[in-house]
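So you can see what is in the structure, the chains are spelled out below.
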Amino acid sequence: QVQLVESGGGLVQAGGSLRLSCAASGREFSIHSMGWFRQAPGEEREFVAYITWTTGRTVYKDSVKDRFTISRDNAKNTVYLQMSSLKPEDTAVYYCAASRGVGTRRSAYDYWGQGTQVTVSS
């Protein structure tokens, strides 16, 4: 079992920045990649970005590619999502997820955090 704990959400004005963190514990050696998803009210949960644990390969949703950066600190078993130039449409609950494989679909992920709210005001 892997436990994921997110932090770093909050309220920010459009154009601002936030950094989300996700700390993994438990059977973290079984994890191959970690990702971030988000879910806005009334919407489906959607992929934002993922990073592979060993090589650091990253993949992003097109609409965040030039504004968000996913990174990891292997020593701390922590993944980050640095979000810049935030827009009101980025408002959502952001979820950290861990996968024993890799992918952009929700079904590729085996463990989920509790979510952290990000609100971007216009």
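In this report, the structure presented in the accompanying data block is examined.

Conventions used here
- Residues numbered from 1 in each chain as written.
- Predicted model: local features only at pLDDT ≥ 70, side-chain atom pairs only at ≥ 80, totals over all residues.
- Heavy atoms only, no water.
- Helix = DSSP H or I, 4+ residues; strand = E, 2+ residues; numbered from the N terminus.
- Buried < 20%, exposed > 50% of the residue type's maximum accessible area, 1.4 Å probe, protein only.
- Contact = heavy atoms within 4.5 Å.
- Pairing = 2+ DSSP bridges.
- Disulfide = S-S within 2.5 Å.
- Salt bridge = Lys/Arg side-chain N within 4 Å of Asp/Glu carboxyl O.

### Things to note about the environment of S71
Item 1. With respect to the secondary-structure elements, S71 resides in strand β7 (residues 68-73).
Item 2. Relative accessible area serves as the criterion here: at 31%, S71 is assigned to the partly exposed category.
Item 3. Put simply, S71 and Q82 are 11 residues apart on the chain and 8.1 Å apart in space, counted from C-alpha to C-alpha.
Item 4. Those residues in contact with S71, other than ones at most four positions away along the chain, are I51, T78, V79 and Y80.

### Let's talk about the pairing of strand β5 (residues 46-52)
Item 1. The buried fraction of β5 amounts to 6 of the 7 residues, a majority that puts the element mostly inside the structure.
Item 2. The sheet contact formed by strand β4 (residues 33-39) and β5 spans 6 bridges and is antiparallel. Bridged to W36 within β5 is A49.
Item 3. Count of turn residues in the β4/β5 antiparallel hairpin: 6 residues, of which G42 carries a positive phi of about 75°.
Item 4. Taking the residues that link successive antiparallel strands as the turn, the β5-strand β6 (residues 58-60) hairpin has 5 residues, and the phi of G56 there is positive, at about 75°.

### Here's the deal with the environment of L20
Item 1. Take L20: it is sitting in strand β3 (residues 18-26).
Item 2. Relative accessible area serves as the criterion here: at 0%, L20 is assigned to the buried category.
Item 3. When the C-alpha positions of L20 and V79 are compared, they lie 8.3 Å apart, and in sequence the two are 59 residues distant.

### Considerations on the state of the cysteines
Item 1. The tally for this structure, following the rule as stated, stands at 1 disulfide.
Item 2. Paired through a disulfide, C22 and C96 show a sulfur-sulfur distance of 2.0 Å. Judged by the torsion about the S-S bond (-80°), the C22/C96 disulfide is left-handed. With a gap of 74 residues between them, C22 in strand β3 and C96 in strand β9 (residues 92-99) connect regions that are remote in the sequence.

### Digging into the pairing of strand β11 (residues 116-121)
Item 1. Burial along β11 is one-sided: the face carrying T116, V118 and V120 is buried and the face carrying Q117, T119 and S121 is not.
Item 2. Here 4 bridges tie strand β2 (residues 10-13) to β11, and the two strands are oriented parallel to one another. In the strand pairing of β11, G10 is matched with V118.
Item 3. Alignment of β9 against β11, held across 3 bridges, turns out to be antiparallel. Across the sheet, A92 pairs through a bridge with V118, a residue of β11.

### A short note on the pattern of salt bridges
Item 1. Here the structure, examined in full by the defined rule, presents 6 salt bridges.
Item 2. Linking E46 and R38 is a salt bridge whose minimum nitrogen-to-oxygen distance equals 2.7 Å.
Item 3. Its salt-bridge partner being K61, residue E46 comes within 3.3 Å of it at the nearest N-O pair. Residue E46 is located in strand β5, and its partner K61 is located in the loop between β6 and β7; the two are separated by 15 residues in the primary sequence.
Item 4. By relative accessible area, which is 24% here, K61 ends up partly exposed.
Item 5. Salt bridges linked by common partners bring R38, E46, K61, R67 and D90 together as one network.

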